[in-house]
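Remarks on the overall topology
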Amino acid sequence: PDENLSVIAGLRGDWYNARDKFRLTPRVTLKYSPAEQIVLRANAGRGLRYSCPVTDNIGAMSTGKSFGGDPLGHTLEDAWIAGGSATWYLPIGDGKSSYLSLDYFRTRFNCQVLTDYAADRIEFYESRDRAYTNTFQADFTAEPVKRLTLTATFRYTDAKATYAGQGLVERPMTSRYKGVLNVQYSTNLNKWIFDFTASVNGPCRLYGFMEGGYSPVYPLLYAQVTHRMKGLDIYLGGENLTNFTQKNPIIDAGDPWSDRFDASCIWGPLTGIRIYAGIRITMWKKI
């Protein structure tokens, strides 16, 4: 309608088969800028996909549990997604690379295939009961002084589904929140680059046969220093500097043929501190 507002709408139709028949997938995207420094976006639409439980849950193959339901079926999953974001470009530094962005999206599932872990069995079944995911995210990026960049991200996830015999419960093995802070500084002409990343990982609900009920909150730290020369970069870094690891990640490891054996229930890092170093060679030819 004008230079500050744009709208894109689409409608797609697909014939799937005699069972699922004809389905429409509409979608709409709006973008509005009430001021030069502010951008508002809204999105809504429908998503359809055929599930393949085995490939969608390939980690479940590393278990001694038996499988129930229809692990080789192809259910047409159906979901509606709606949400939006607001971005504000901040008068920090040059004013072009500094911004604050807030996002919210909600996914409502009309039909989906659930993977239900029990003590000795994994069930795959179609569910048309209540299920949804709310996702909130905030992003902040700024360059307060020249060659110093700060980036912070925080995401909160509220994911629930209706499991047989449990009702509407929090989805297992889905982290509630995660925060990341990255600081990068480079000297003149990028001769030296210092990069530091810290993250905090929120709890997730564990399967009923696991101990603890919820995973703990844990931090992770990463750091890297790079020295750049003509055609050659030398770097030194470290991962998981907090040395946090998931204890005893393999359930019943001493008896891999039992129905309790499970190596798929991973919610945290498996390796501790890791130090690395290397060189990067760049070759070019002037034309």
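A brief structural summary. (Residues numbered from 1 in each chain as written. Predicted model: local features only at pLDDT ≥ 70, side-chain atom pairs only at ≥ 80, totals over all residues. Heavy atoms only, no water.)

1. A few points about the side chain of Ser85
By the element assignment, Ser85 lies in strand β5 (residues 76-89). Judged by its relative accessible area of 14%, Ser85 is buried. Sequence-distant contacts of Ser85, defined by excluding residues within four places in its chain, comprise Val39, Leu40, Arg41, Leu102 and Asp103. (Helix = DSSP H or I, 4+ residues; strand = E, 2+ residues; numbered from the N terminus. Buried < 20%, exposed > 50% of the residue type's maximum accessible area, 1.4 Å probe, protein only. Contact = heavy atoms within 4.5 Å.)

2. So, the environment of Trp284
Mapped onto the elements of the fold, Trp284 is located in the segment after β15 (274-281). Put simply, Trp284 and Thr187 are 97 residues apart on the chain and 24 Å apart in space, counted from C-alpha to C-alpha. Leaving out residues up to four positions away in the same chain, Trp284 has contacts with Lys230 and Gly231.

3. Here we look at unusual backbone geometry
Phi angles above zero are rare outside glycine, and Lys21 is one such case at about 60°. Among the secondary structure elements, Lys21 is positioned in the loop between β1 (5-15) and β2 (22-35). Its relative accessible area of 48% is what places Lys21 among the partly exposed residues.

4. A closer look at the layout of surface pockets
Space inside the largest pocket adds up to approximately 550 Å³. Along the walls of the largest pocket sit 23 residues, with Asn57, Thr115, Tyr163, Arg171 and Pro172 positioned nearest its centre. Residue assignment for the lining of the largest pocket shows that the elements contributing at least two residues are α1 (53-56) and β6 (99-117). Take the lining of the largest pocket: its biggest share by element is six residues, from β6. (1 Å grid on protein atoms, 1.4 Å probe; cavity = no way out; pocket = protein on both sides within 12 Å on 5 of 7 lines; lining within 4 Å. Points joined across faces, edges and corners; volume = space filled by probe spheres on them.)

5. A short note on the packing of aromatic side chains
Any aromatic ring pair is given by two values, namely how distant the centres are and how the planes are angled relative to each other. For the structure on display, the rule yields 14 aromatic pairs. Seen from their ring centres, Tyr117 and Tyr207 are 4.1 Å apart, and the 15° between their planes marks the pair as stacked. With Tyr117 in strand β6 and Tyr207 in the loop between β12 (192-201) and β13 (218-229), the pair connects residues that are 90 residues apart, well separated along the chain. Members of the aromatic cluster, connected to one another through ring pairs, are Tyr104, Phe136 and Tyr156. Above the plane of the ring of Phe209 lies Lys65, whose end atom (NZ or CZ) is 4.1 Å from the centre. (Phe/Tyr/Trp six-rings, centres within 6.5 Å; stacked < 30°, edge-to-face > 60°. Lys NZ or Arg CZ within 6 Å of the ring centre and 35° of its normal.)

6. Description of the pairing of strand β11 (residues 177-186)
Inspection of the sheet shows strand β9 (residues 148-163) paired to β11 by nine bridges, in the antiparallel sense. Paired with Tyr156 across the two strands is Tyr177, which belongs to β11. Bridge analysis of β11 against β12 gives nine bridges, and the strand direction is antiparallel. If you follow Gly179 over to β12, its bridge partner there is Val200. As consecutive antiparallel partners, β11 and β12 are separated by five residues, and within that stretch Leu189 has a phi angle of approximately 65°, a positive value. (Pairing = 2+ DSSP bridges.)

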